[in-house]
Amino acid sequence: MSWKSKDLLTLEDFSAEEIAHVLDTANSFKEVSTRSVKKVPALRGRTVVLFFHEPSTRTRTSFELAAKRLSADILNVQTASSSLVKGETLIDTLKTLESMTIDAIVVRHKASGVPQMLANVTHASVINAGDGAHEHPTQGLLDLFTIREHKGSIAGLTVTIIGDITHSRVARSDIYGLTKLGAKVRLCAPPTLLPMGIEKMGVEIFYDLDKALEGSDVVYVLRLQLERQKKNLFPTIREYSMLYGVTSERLKRAKKDAIVMHPGPMNRGLEISSGVADGPASVIDEQVTNGVAVRMAVLYLLQGEKTQGENS
Amino acid sequence: MTAKIKARILEAQDMDRALTRIAHEILERNKGTQNLVLVGIKSRGEVLAERLANKIKAIEGTEVPWGALDITFYRDDAGTHKPGKAPEGTDLPFDVTNKKVVLVDDVLYTGRSARAAIDHIIDFGRPIAIRLAVLVDRGHREFPIHADYVGKNIPSSQKEEVLVKVKEKDGADEVLIMEGEL
């Protein structure tokens, strides 16, 4: 199949075929990270900018490693130390960076739609590394990659996503990706953490964790964003933990070979018990490993396409 | 798809004989199988490397380790050619340090694939030597690279394509010269 997008902004716009192509490509890049020389020359001489406007350790370092392992040069631009604090608009900052001839820009921003806005005005490839509560497509892709690695394929699996769906860009990307590849997706959360009309995405809603876990192949636990508690979306953290915290005891309701995932960072003992997080079903560390491979694949595929476009 | 078959250069038996001879030559120059490893360049080279390993085993009675390289990420046009199907990945189940590596490919043409494969190999370690075995050498080199073992030299025009087919992937063993666009 051929690759046609300049940017990776959402999984909503991706076809099942395109998603499968990224995952297949990521397979080869995973092998690169197991070598003693963890580097290939595929993007030598390309410049990738990491443009992060929200705190992030794992996504930023994962992208940085991915770009470095492809031999690209990277540039870190962070809000606090950039001209943005002097009142420059995002687009002007981008134009400045673009004038220095960059090839790709990885953007994280607290406002939904920022990557799309930037993609409209630049020739560089824009990769969404999380925009507001909208999407986090590379997290979605690495989750799909991890599930596929364990289960062989995605079609027909029952995947249960538990936690704060309303504020979760990870959940949205996962739901798009999983449903496109034919999985049955269940969402489980208190009604206040479920957005109105979410069932239109083709998912099944549960308010009872035990029922939701019954027969699940994949248990996906979202981080409880503690800052939300101030908005009184749930009475107490303790009550949330008792009703929606995934423990070894409750996990028994899922299938015997079920895997447990979490996008990190975890609140241990809150949404997930340490027994589960470190237990045999957990693939949380593998998600991080796979993240680098998947991001390498995304950078590689986008850069290939961009040059092709310029030549023709 | 306007390509036409211009000539059939090798048939299954010819291919097999050429590989048998190459296997003997490798053993002769290497004085046996000590430190020898075979590394095919995907995808046809992988099949040929496996066949050479089997032939060496039949001749000498010893197993020669073999693996396969996917050179996609090492191509000098990586990023300028449109990525097509997903790369298959490299599969080298041994350490190449202090080994005599024989690279195996189906066709030697510009020498660019061989260059990429050499770069790929040395990312894994420091071999004693890297040699190159090809089923067909069709000329038109763009790099200072030559093959140490050649199945058949086929002088070709740059307008033609040399197509190596193998049973495992294409259903038949043969080498064809094609005319027109593939």
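Use the structure listed above.
Remember, predicted model here, so these are calculated numbers, not experimental data.

Q: I'd like a rundown of unusual backbone geometry, residues and numbers included.
A: Look at the link from G264(A) to P265(A): it is a cis peptide, with omega at -15°. With respect to the helices and strands, the residue P265(A) is situated in the loop between β9 (259–261) and α10 (274–277). The linkage connecting K42(B) with the following residue, S43(B), adopts the cis geometry, with an omega of 5°. With respect to the helices and strands, the residue S43(B) is situated in the loop between β2 (36–41) and α2 (44–60). Unusually for a residue other than glycine, K31(B) sits at a positive phi of about 55°. Turning to its location among the elements, K31(B) is positioned in the loop between α1 (12–30) and β2. Given a relative accessible area of 74%, K31(B) falls into the exposed group. One non-glycine residue with positive phi stands out, namely N35(B), at about 60°.

Q: Before we move on, can you summarise the nonpolar core with the specific residues and values?
A: Formed by 111 residues in total, the largest nonpolar core has its most connected members in F29(A), L141(A), I161(A), I165(A), L178(A), L187(A) and L299(A). Take this core: its biggest share by element is eleven residues, from helix α11 (residues 284–311) of chain A. Judged by nonpolar contacts, the second largest core, of 30 residues, contains L27(B), A53(B), L135(B) and Y149(B).

Q: Explain the packing of helix α1 (residues 16–32) of chain A against helix α5 (residues 137–151) of chain A residue by residue, including any values.
A: Residues and elements named next belong to chain A. Across the interface, α1 lies against α5 with an axial gap of 10 Å and an inter-helix angle of 75°. The pairing of α1 with α5 is recorded here as roughly perpendicular in orientation. Two secondary-structure elements touch here, α1 through I19, A20, V22, L23, D24, A26, N27 and K30 and α5 through L141, L144, F145, R148 and E149. By residue class, the composition of the contact of α1 with α5 is eight nonpolar, one polar and four charged.

Q: Describe helix α8 (residues 237–244) of chain A, and please don't skip the residues or the numbers.
A: Residue and element names in this part refer to chain A. Restricting attention to buried positions, one finds in α8 the residues Y240, S241 and Y244. Down the axis of α8, the sector holding all buried residues measures 100°, keeping them to one side. Residues R238 and M242 are exposed on α8 and point more than 90 degrees away from its buried face. Tucked inside the fold, the buried residues of α8 contact β5 (158–162), β6 (184–188), α7 (209–213) and α9 (248–251).

Q: Pulling in residues and values, what's your account of α2(B)?
A: For the α-helix, the turn length of 3.6 residues means that residues three or four positions removed from each other point alike. Residue and element names in this part refer to chain B. With 17 residues, α2 should reach 24 Å at 1.5 Å per residue; the first-to-last C-alpha distance of 24 Å fits that figure. For α2, the full list of buried residues reads G45, E46, V47, L48, A49, R51, L52, A53, K55 and I56. Where α2 is buried, its residues contact α1, β2, β3 (66–69), β4 (100–108), β5 (129–137) and α4 (167–170). Directly beyond the C-terminal end of α2, a positive phi value near 80° is found at G61.

Q: Run through the packing of α5(A) against helix α6 (residues 169–180) of chain A, naming residues and quoting values.
A: Residues and elements named next belong to chain A. Where α5 meets α6, the closest approach of the two axes is 8 Å, and the angle between their N-to-C directions is 50°. Compared by their axis directions, α5 and α6 come out oblique. Crossing of α5 against α6: the hand is right-handed. On the side of α5, the interface is formed by P137, Q139, G140, D143, L144 and I147, while α6 contributes V170, S173, D174, G177 and L178. The class makeup of the residues in the contact of α5 with α6 is five nonpolar, four polar and two charged.

Q: Can you tell me about the sheet that holds strand β7 (residues 203–206) of chain A, naming the residues and giving the values?
A: All names here are of chain A. Strand order in this open sheet of five strands is β7-β6-β5-β8-β9, and the pairing throughout is parallel. In this open sheet, the two strands that pair with only one neighbour each are β7 and β9. Across the sheet, the mean angle from the axis of one strand to that of its neighbour is 20°, orientation sign disregarded. Taken together, the three bridges between strand β8 (residues 218–221) and β9 define a ladder with parallel strand orientation. Paired with Y220 across the strands is M261, a residue of β9. Packing of α5 onto the sheet brings it into contact with β8 and β9, and relative to β9 it is tilted by some 165°.

Q: How would you explain the side chain of D105(B) if you had to name every residue and give the values?
A: Following the sequence through the fold, D105(B) ends up in strand β4. Put simply, D105(B) is tucked away with no salt bridge, and the nearest opposite charge, on R44(B), sits 8.8 Å away.

Q: An account of the packing of aromatic side chains is needed here, citing residue identities and associated values.
A: Throughout the structure, instances matching the rule amount to five aromatic pairs over all chains. For the pair F234(A) and Y240(A), a centre-to-centre distance of 5.4 Å together with 45° between the ring planes defines the contact as tilted. For F234(A), a relative accessible area of 4% puts it in the buried group. For Y240(A), a relative accessible area of 3% corresponds to the buried category. Three or more aromatic residues joined by ring pairs form one cluster here, namely F29(A), Y300(A) and F73(B). Above the ring of F63(A), the side-chain terminus of R295(A) is found at 5.0 Å from the ring centroid. Just above the ring of Y109(B) sits the side chain of R138(B); from NZ or CZ to the centre is 3.9 Å.

Q: So, the pattern of salt bridges: which residues are in play, and what are the values?
A: All names here are of chain A. Taken as a whole and assessed by the stated rule, the structure comprises 30 salt bridges over all chains. With a shortest N-O distance of 3.1 Å, D7 and K6 are connected by a salt bridge. Using a relative accessible area of 27% as the deciding quantity, one classes K6 as partly exposed. R35 is the salt-bridge partner of E31, the closest N and O atoms lying 3.0 Å from each other. For the pair shown, E31 and R35 are each scored as buried.

Conventions used here
- Residues numbered from 1 in each chain as written.
- Chains lettered and ligands numbered in written order.
- Predicted model: local features only at pLDDT ≥ 70, side-chain atom pairs only at ≥ 80, totals over all residues.
- Heavy atoms only, no water.
- Helix = DSSP H or I, 4+ residues; strand = E, 2+ residues; numbered from the N terminus.
- Buried < 20%, exposed > 50% of the residue type's maximum accessible area, 1.4 Å probe, protein only.
- Core = buried A, V, L, I, M, F, W, Y, C linked by side-chain atoms within 4.5 Å.
- Axes fitted to C-alpha atoms, helices over the stretch in contact; angles between N-to-C directions.
- Parallel < 35°, antiparallel > 145°, perpendicular 65-115°, else oblique.
- Contact = heavy atoms within 4.5 Å.
- Nonpolar A, V, L, I, M, F, W, Y, C, P; charged D, E, K, R; others polar.
- Arc of directions from axis to C-beta.
- Expected span 1.5 Å × (residues − 1).
- Left-handed = near helix turned anticlockwise from the far one by under 90°.
- Pairing = 2+ DSSP bridges.
- Lys, Arg positive; Asp, Glu negative; His and termini not counted.
- Salt bridge = Lys/Arg side-chain N within 4 Å of Asp/Glu carboxyl O.
- Phe/Tyr/Trp six-rings, centres within 6.5 Å; stacked < 30°, edge-to-face > 60°.
- Lys NZ or Arg CZ within 6 Å of the ring centre and 35° of its normal.

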